[in-house]
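The residues making up each chain are set out below.
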Amino acid sequence: MSGSVHFPVPPEVVIDYLADPVNRAEWQSSLARVEDVVGQVGVGQTWTDVTVPGPRPRMRTTELVRPLRWAETGTWGPFEADLALELAPAPGGGCVVTVQVELRGRGPAGLLARALGVVSPAAVRSDLRRAARILGERHRPATPAGS
């Protein structure tokens, strides 16, 4: 499933913000903590996912092709997940981020993965809209005094 989100800043600013582990828990609703993993190809990150009972770290491999592509693979409970973000300059400024999400599971989890695959892109877009608001506020042009 896919969809897109508009950001009011250029693609380079978006990918730098999204990929910085310091910012990740700020915009991604399911995270409590994010850390870099040294020695991974691209950017490796671990985190504590607050959507699963107990502090259970999950490992993902995040590959960044700056400034226009972000691809992740990882696990979430009984599921395997792939996430791809494609960034493109938007007409009139800013950029458009297109979201692709695929969830897989074996056995009974496969049926649930199909159902979650329908709602997961909406959750990712919601998190990206949060990031877009944050970046919009941080990069808002200064208003001249007296305006």
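The coordinates are above.
Residues numbered from 1 in each chain as written. Predicted model: local features only at pLDDT ≥ 70, side-chain atom pairs only at ≥ 80, totals over all residues. Heavy atoms only, no water.

(A) Geometry of the overall build of the chain. When you go through the chain residue by residue, the secondary structure sums to three helices and seven strands. Ordered by position from N to C terminus, the α and β elements of the chain give β-α-α-β-β-β-β-β-β-α. Looking at the chain as a whole, 43% of its 147 residues qualify as buried. Carbon together with sulfur atoms contributes 58% to the accessible area of the chain, which is approximately 8,200 Å² in total. (Helix = DSSP H or I, 4+ residues; strand = E, 2+ residues; numbered from the N terminus. Buried < 20%, exposed > 50% of the residue type's maximum accessible area, 1.4 Å probe, protein only. Areas by Shrake-Rupley, 256 points an atom, 1.4 Å probe, with all protein chains shown as cover.)

(B) Up close: the pattern of salt bridges. Scanning the model with the defined rule gives six salt bridges in all. Among the ionic pairs, Arg69 bridges to Glu86, the shortest N-O distance being 2.2 Å. Taken together, the residues span a long stretch of sequence, with Arg69 in strand S5 (residues 69-76) and Glu86 in strand S6 (residues 79-89) at a distance of 17 residues. For Arg69, a relative accessible area of 32% gives the class partly exposed. (Salt bridge = Lys/Arg side-chain N within 4 Å of Asp/Glu carboxyl O.)

(C) Representation of the nonpolar core in the model. Ranked by size, the top nonpolar core spans 24 residues in total, and within it Phe7, Val14, Leu18, Trp70, Leu85, Val97 and Leu128 carry the most contacts. For this core, the secondary structure elements donating two or more residues are strand S1 (2-7), helix H1 (11-19), S6, strand S7 (95-105) and helix H3 (108-138). In terms of residue count, H3 provides more of this core than any other element does, six residues in total. (Core = buried A, V, L, I, M, F, W, Y, C linked by side-chain atoms within 4.5 Å.)

(D) Quick look at the pairing of S6. As paired strands, S6 and S7 are joined by eleven bridges and run antiparallel to one another. Across the sheet, residue Asp82 finds its bridge partner in S7, namely Glu102. Once S6 ends, the chain turns through five residues before running back antiparallel as S7, passing Gly92 with a positive phi of about 90°. (Pairing = 2+ DSSP bridges.)

(E) Structural context of the packing of H1 against H3. As a packed pair, H1 and H3 sit with axes 11 Å apart at the nearest point and diverge in direction by 115°. Pair H1 / H3 crosses with right-handed handedness. In this structure, H1 contributes Val13, Val14, Tyr17 and Leu18 to the contact, and H3 contributes Leu128, Ala131, Ile134, Leu135 and Arg138. (Axes fitted to C-alpha atoms, helices over the stretch in contact; angles between N-to-C directions. Left-handed = near helix turned anticlockwise from the far one by under 90°. Contact = heavy atoms within 4.5 Å.)

(F) Structural context of the side chain of Ser120. Here Ser120 shows up in helix H3. Apart from the residues lying within four places of it in its own chain, the contact partners of Ser120 are Val101 and Leu103.

(G) Main features of H3. Compared with an ideal rise of 1.5 Å per residue, which puts 31 residues at 45 Å, H3 spans 44 Å between its outermost C-alpha atoms and is within 8% of the ideal. Helix geometry: H3 is bent most strongly at Gly117, by close to 35°, with proline Pro121 lying one to four residues after it. (Expected span 1.5 Å × (residues − 1). Bend = angle between axes of the 7 residues up to and from the residue.)

(H) Summary view of the environment of Arg104. Mapped onto the elements of the fold, Arg104 is located in strand S7. Here the alpha-carbon distance between Arg104 and Asp82, two residues 22 residues apart in the chain, equals 8.7 Å. Aside from chain neighbours lying at most four places away, what touches Arg104 is Pro78, Phe79, Glu80, Ala81, Asp82 and Ala113.

Don't take any of this as a statement about function, it's just geometry.
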